[in-house]
Each structure stands twice: as structure tokens, then as C-alpha cells.
Amino acid sequence: MPHSLRLGVNIDHVATLRNARGAAYPEPLRAALLAEAAGADGVTAHLREDRRHIRDSDIAALKAELGIPLNFEMAPTEEMQAIALATAPHACCLVPEKRQEVTTEGGLDVVADLPRLTEYVGTLNEAGIRVSMFIGHDPAQIEASAQIGAAVIELHTGHYCDLHYAGRFAERDLELEALAAGAAYAHSLGLEVHAGHGLTFETVGPVAAMPEIRELNIGHFLIGEAVFVGLEGAIGQMRALMDAARGE
């Protein structure tokens, strides 16, 4: 029986490890295929403009070899749109991107770029690619994502996770409430709701328990944990915690 909550595994940081030595290994495709064998419902890869981890050849290999959906994370630029149209992944997740950042620091500002993003998303929709907007829980951003024709939003859980690990539990709980309200509001507008960024074994449960959320995308923690227990073990434990949160 299918899970009510899907797990997408982001394999970017296998590429980070490869690129640290300029070697041909470890291969992101191998990690993606192991994730698929371990029960992942999809694979996410972010082709950044500076190609700091995933490369164009990785995206092509993932699309050719994977038997589960490929979620192509990308900045909403003309270059990335052309690559997405040529690759035809299952889905594209549009994310903000700054060259100097270590990782994606916040959600996309859909409100501030409404006309351009409406046209941009429309082009991807016409090609049969599902579009997800990586945003915060601000109701205005959720409404704008629905307005431009996106099928999905992915709520940024990074702030919640940061507050948890900083021991700021009262603020963490308020952020969790805001995420839950955002998920419910997006669902009421007909958007499919995903979530991700910074989730770990410790923090995944409360997010996984939100009934409107259909998919979690988790990468950095799983790749790090795989150093100690292997990718299959890391994915298996995350899957078990997600299912427990859903009562499955």
C-alpha cells in the first residue's frame, strides 16, 4: 500500500563530496539508485547556476536511469528553464539562489515577481512539468503561488529546524504552528503541499504529522547519516519516523 506521505531524497551532497576532490566518484546517480532501492518515492537534485555540486551531466543521467520521479530544483532563470524543458523531469521546484549562500536561505518571493513568474510557470506547465514553489509560510506567498498556476508549494522548514537545534523551543513551536497554518491554507487553495530543508530524525516528526503535507524532501542530513549507517539504513529510519508520525 502506498504511503500517505512521500519521501524525496536529495542527492546534491553526494556531488559535493565528489567535487571536493575533482574526482569521478562518489556518483550521484549511484546514490539515487540506492535511494530508489531503499524505498524513496522520488529523487531531488538542485542544478545551481554555479554548478557547485550537481552538474548538467548528472541531471541527464538521473532522468535517463531513474525509475522514480525526478524533482529538478532550480532558480527561475532562462538558462534553467531551457534545461528543464530539454530534460522534461517529473517536476521542477523553483528556489531562490544567491551565489554567496552556503545553502538556500529562505523561500522564493513570488509576490515581488508575479508577472514574470506567471509566464515562467506557464511555459513549464505547457510542457507537462509540475511546478513547485519553494516558499515560506506567509499567506501572501501561498496565495501568489496559487495565482501564478503552480501545482505545488514546498514549505521551507529550515527556520524551524534551526530554532530546535538552538534550544529556542518556544520560538520553534510558534514556527511549527505557522507552518501548520500555511499547509492548511495552501491545501484549502487547491495546492499540493510539500515541505523540506534541514529536517533530521529529531525534527521530522511534527512536520510529517501535518495531514495536508504530501511529500518531504530531505537531503543533507540523510547523506551525512549515510556515512555512519549507509544510505539504506538512513532512509529506512527516516521512513519509519515519517510513518510513525502519520500513524501508519
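Higher on the page you've got the structure.
Residues numbered from 1 in each chain as written. Predicted model: local features only at pLDDT ≥ 70, side-chain atom pairs only at ≥ 80, totals over all residues. Heavy atoms only, no water.

Draft legend 1. A look at the sheet that holds strand β2 (residues 42–46). Read around the closed barrel, 8 strands run β1-β2-β3-β4-β5-β6-β7-β8, paired in parallel fashion. Neighbouring strand axes in the sheet, compared pairwise and without regard to direction, differ in orientation by 25 degrees on average. Bridge count between β2 and strand β3 (residues 70–74): 4 bridges; the pairing is parallel. Opposite Thr 44, over in β3, you have Asn 71 as the bridge partner. (Pairing = 2+ DSSP bridges. Helix = DSSP H or I, 4+ residues; strand = E, 2+ residues; numbered from the N terminus. Axes fitted to C-alpha atoms, helices over the stretch in contact; angles between N-to-C directions.)

Draft legend 2. Region of interest: the environment of Ala 245. Tracing the sequence through the fold places Ala 245 in helix α10 (residues 220–246). Along the backbone, Ala 245 and Glu 212 are 33 residues apart, and their C-alpha atoms lie at a distance of 13 Å. Non-local contacts of Ala 245, meaning those with residues more than four positions away in its chain, are made with Gly 205, Ala 208 and Ala 209. (Contact = heavy atoms within 4.5 Å.)

Draft legend 3. Highlighting the nonpolar core. Judged by nonpolar contacts, the single largest core of 69 residues is most densely connected at Leu 94, Met 133 and Leu 216. Among the elements that make up this core, the one with the highest residue count is α10 (8 residues). Once residues within four sequence positions are removed from consideration, Leu 216 is found in contact with Leu 5, Arg 6, Leu 7, Gly 8, Ala 195, Leu 199, Val 204, Val 207, Ala 208 and Met 242. (Core = buried A, V, L, I, M, F, W, Y, C linked by side-chain atoms within 4.5 Å. Buried < 20%, exposed > 50% of the residue type's maximum accessible area, 1.4 Å probe, protein only.)

Draft legend 4. Quick look at helix α6 (residues 139–147). Every buried residue of α6 is accounted for by Gln 141, Ile 142, Ala 144 and Ser 145. Buried residues in α6, looked at end-on, bunch into an arc of 165 degrees, giving them a common side. Contacts made by the buried residues of α6 are with α5 (114–126), β5 (130–135), β6 (152–156) and α8 (169–188). For α6, the side-chain oxygen to backbone nitrogen distance between the N-cap and Ala 140 is 3.1 Å, and the N-cap itself is Asp 138. Where α6 terminates, the next one or two residues include Gly 149, which has phi positive at roughly 100 degrees. (Arc of directions from axis to C-beta. Polar contact = N/O pair within 3.5 Å; in protein donor to acceptor, adjacent residues only side chain to side chain.)

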